[in-house]
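Residues per chain, in single letters:
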Number of protein chains: 2
Amino acid sequence: MSGILYVVGIGPGAAEHTTPAALAAIADAQLVVGYRTYIGLVQHLLAGKEVVQTGMTEEIGRARAAVERARDGARVALVSSGDAGVYGMAGLVFEVLRDIGWTRGQSPELRLIPGMTALNSCASRVGAPLVHDFCSISLSDLLTPWPVIEKRITAAAAADFVIGLYNPASGRRTRQIVEAQRILKQHRDGATPVALVKSAYRELENVVLTDIDHFTDYEIGMLTTVLVGNSNTFVFEGYMVTPRGYHNKYTLDGDVLPGQKPARSLRVEGALDSRPREGAE
Amino acid sequence: MSGILYVVGIGPGAAEHTTPAALAAIADAQLVVGYRTYIGLVQHLLAGKEVVQTGMTEEIGRARAAVERARDGARVALVSSGDAGVYGMAGLVFEVLRDIGWTRGQSPELRLIPGMTALNSCASRVGAPLVHDFCSISLSDLLTPWPVIEKRITAAAAADFVIGLYNPASGRRTRQIVEAQRILKQHRDGATPVALVKSAYRELENVVLTDIDHFTDYEIGMLTTVLVGNSNTFVFEGYMVTPRGYHNKYTLDGDVLPGQKPARSLRVEGALDSRPREGAE
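We now turn to the structure provided with this report. (Residues numbered from 1 in each chain as written. Chains lettered and ligands numbered in written order. Predicted model: local features only at pLDDT ≥ 70, side-chain atom pairs only at ≥ 80, totals over all residues. Heavy atoms only, no water.)

Topic: the side chain of Arg 64 of chain A
Considering the arrangement of structural elements, one finds Arg 64 of chain A in helix α3 (residues 59-71). On the accessibility criterion, Arg 64 of chain A (14% relative accessible area) is buried. In terms of polar contacts, Arg 64 of chain A uses its side chain to reach the backbone carbonyl oxygen of Leu 252 of chain B, at 2.7 Å. (Helix = DSSP H or I, 4+ residues; strand = E, 2+ residues; numbered from the N terminus. Buried < 20%, exposed > 50% of the residue type's maximum accessible area, 1.4 Å probe, protein only. Polar contact = N/O pair within 3.5 Å; in protein donor to acceptor, adjacent residues only side chain to side chain.)

In structure tokens:
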């Protein structure tokens, strides 16, 4: 008998931001597996179901339990907040499947249900900080060597990406965010906007709008996502906004600026023969 | 009379991935404004509503129409696919609001409804490529100078981020993706997995799993999202997977490897005195 393993992202946790596909997966499951906090967010959907909830750092046990029960014929939903594919359980599921020698066509059938990750839900609580290129970096060095993380912060800062920091700090892990600030200061103006968004769309939601020089003065924990602006990010009426670049080519009445053309590469002084533009015209 | 401006992301476009919050915003709106293709995706929700749909490159007109009608008292939903805050209309809305001298408390009231962006929906169709740090880069140089884009691709490639490329090519714009491949090859093995996901969860969905050396051999257009793996990304049973790093510290039975401790910084040879670890222990 073939089982089904749903790997489900429920979004930030408020019912109005969980997709119908995620709800349908949980409704169909006989067994729901998840980290204690996430199980709490979907408690109202679990009547009559078997539930396996475990603590942080027990991810391998959860993934293995979900995979093995589904392999043996059960319909199982492995639940993450946000998107299960972003620092979530989806990767570990594949590592366990590989470990047990699973192949496509065997039990369990795999169904990946995407969700809205914290970057998107948190951004919507402060304005529009992610409208241009961005990086997502986890500051947790429990599984990733710190030098790798440090290199990524440096690269993202130097190339003017908007930066979202996941897992910025915990009770024990407090130095990483200070190091991140130090690196950011080397590459960006200290007045660059920074937002701290805690528990977006949940009961204890808290939003702080600050800047690179000051963001470490505020409480930052495991439930905080840190959003760091790029060099064009501005604050307007308490919102954090990264422009897409329309002002490079148009007035806000829609008129085209001198020297520019709609649907053509942006013309930049001193870069008239860059290869992509040649190809584009 | 105060209007409401909803800025709404509907996710990939399939009904089962649009959130209840997005549906409620559209249901409440008297006027729905959007790019023609996106309006088509929510056509079944628009009975009895006024609809303004315009073409690509008419974003400024759309944003201005939505803001002005809402300012004058209407309930307006400005609709994007994916997340309106990721290369979407949310940024432009704030630029227009600033241009007309809007302040908080004035009409319109602003309600930002987040959605699932293409990175997440596309990733779920190929496996779990985004489980570790990633960058999102738009290859469109219509509003961003190409040298800025080139610098970001280089930084992301060198720092071993998973990379999602939005707007990789269009009928006219075909050189950027070739340039991106050239840069990627300088920093990563040519066999690194690459996924091309077109129209995820829509009727003409198409998924190609290939690698850095070969991805430009396939059709890539405006509806394609390109996902480039990092140095640890692997292919397993036709899925693309980036591991989170559990194998650095644990066996897949959950046993801790020699020299490591759960809930402590990962120990790395030759990096015993990195500052974050000192703080963490």
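On we go.
Here we look at the sheet that holds strand β8 (residues 162-166) of chain A
One open sheet holds the 10 strands; their spatial order is β10(A)-β9(A)-β11(A)-β8(A)-β7(A)-β7(B)-β8(B)-β11(B)-β9(B)-β10(B), and the pairing between them is mixed. Across the chains shown, the open sheet's two edge strands, defined by having one partner strand only, are β10 (206-211) of chain A together with β10 (206-211) of chain B. Going across the sheet, the axis of each strand differs from the next one's by a mean of 15°, ignoring polarity. Both strand β9 (residues 193-198) of chain A and strand β11 (residues 224-228) of chain A contribute to a ladder of 5 bridges, which runs antiparallel. Paired with Val 197 of chain A across the bridge in β11 of chain A is Thr 225 of chain A. (Pairing = 2+ DSSP bridges. Axes fitted to C-alpha atoms, helices over the stretch in contact; angles between N-to-C directions.)

Digging into the interface of chain B and chain A
Of the residues lining the interface, 102 residues belong to chain B; the matching set on chain A comes to 102 residues. Taken together, the two surfaces of chain B and chain A that pack against each other cover about 9400 Å², and 62% of this comes from carbon and sulfur. Looking at the side of chain B facing chain A, the largest losses of area belong to Leu 143, Arg 152 and Leu 252 of chain B, adding up to 9% of the total buried there. In this structure, the connection of chain B to chain A is made through 6 salt bridges. When the shortest N-O distance is used, the salt bridge between Arg 64 of chain A and Asp 253 of chain B registers 3.6 Å. Between chain B and chain A we count 40 residue pairs in polar contact (both at pLDDT 80 or more) in total. Classifying every residue of the side of chain B that touches chain A by side-chain character gives 49 nonpolar, 29 polar and 24 charged. Bridging between strand β7 (residues 134-138) of chain A and strand β7 (residues 134-138) of chain B involves 3 bridges; their strand directions are antiparallel. Each bridged residue has a counterpart across the sheet, and for Cys 135 of chain A the counterpart in β7 of chain B is Cys 135 of chain B. (Contact = heavy atoms within 4.5 Å. Buried area = accessible area lost by both parts, 1.4 Å probe. Salt bridge = Lys/Arg side-chain N within 4 Å of Asp/Glu carboxyl O. Nonpolar A, V, L, I, M, F, W, Y, C, P; charged D, E, K, R; others polar.)

A closer look at the relation of the copies chain B and chain A
Mapping chain B onto chain A leaves a residual RMSD of 0.0 Å; the transformation is a rotation of 180° accompanied by 0.0 Å of translation along its axis. The superposition operator between the copies reduces to a two-fold rotation axis. Both copies contact each other with a shared surface, as 99% of the interface residues of chain B are interface residues in chain A too. (Least-squares fit on C-alpha atoms with pLDDT ≥ 70 in both.)

Details of the packing of aromatic side chains
All chains considered together, the criterion is met by 10 aromatic pairs over all chains. Judged by centre distance (4.9 Å) and plane angle (55°), the rings of Tyr 87 of chain A and Tyr 166 of chain A are tilted. Here Tyr 87 of chain A is found in the loop between β4 (75-80) and α4 (90-99), whereas its partner Tyr 166 of chain A is found in strand β8, with 79 residues between them in sequence. For the pair formed by Tyr 87 of chain A and Tyr 166 of chain A, the shared burial category is buried. Aromatic side chains Phe 236 of chain A and Trp 102 of chain B sit 6.0 Å apart centroid to centroid with 45° between the ring planes, which places their arrangement in the tilted category. Taken as a pair, Phe 236 of chain A in strand β12 (residues 234-236) and Trp 102 of chain B in the loop between α4 (90-99) and β5 (109-113) lie in two separate chains rather than in one. The same class applies to Phe 236 of chain A as to Trp 102 of chain B, namely buried. A network of ring pairs unites the aromatic residues Phe 94 and Trp 102 of chain A together with Phe 236 and Tyr 239 of chain B as a single cluster. Its end group placed over the ring of Phe 161 of chain B, Arg 152 of chain A keeps NZ or CZ at 5.7 Å from the ring centre. Across the ring face of Phe 234 of chain A, the terminal group of Arg 98 of chain B is positioned such that the distance to the ring centre comes to 3.9 Å. (Phe/Tyr/Trp six-rings, centres within 6.5 Å; stacked < 30°, edge-to-face > 60°. Lys NZ or Arg CZ within 6 Å of the ring centre and 35° of its normal.)

Topic: helix α7 (residues 175-187) of chain A
With 13 residues, α7 of chain A ought to run about 18 Å at 1.5 Å a step, and its terminal C-alpha atoms sit 19 Å apart, in line with that. Every buried residue belonging to α7 of chain A is among Gln 176, Ile 177, Glu 179, Ala 180, Gln 181, Ile 183 and Leu 184 of chain A, and all of these are buried. (Expected span 1.5 Å × (residues − 1).)

Topic: the environment of Ala 77 of chain A
Residues and elements named next belong to chain A. One can find Ala 77 in strand β4. On the basis of relative accessible area, Ala 77 is assigned to the buried category, the value being 0%. Taking the C-alpha atoms as reference, Ala 77 lies 5.6 Å from Ala 29; in sequence the two are 48 residues apart. Setting aside anything within four residues of it in sequence, one finds Ala 77 in contact with Tyr 6, Val 8, Ala 25, Ile 26, Ala 29, Leu 31, Val 32 and Val 33.

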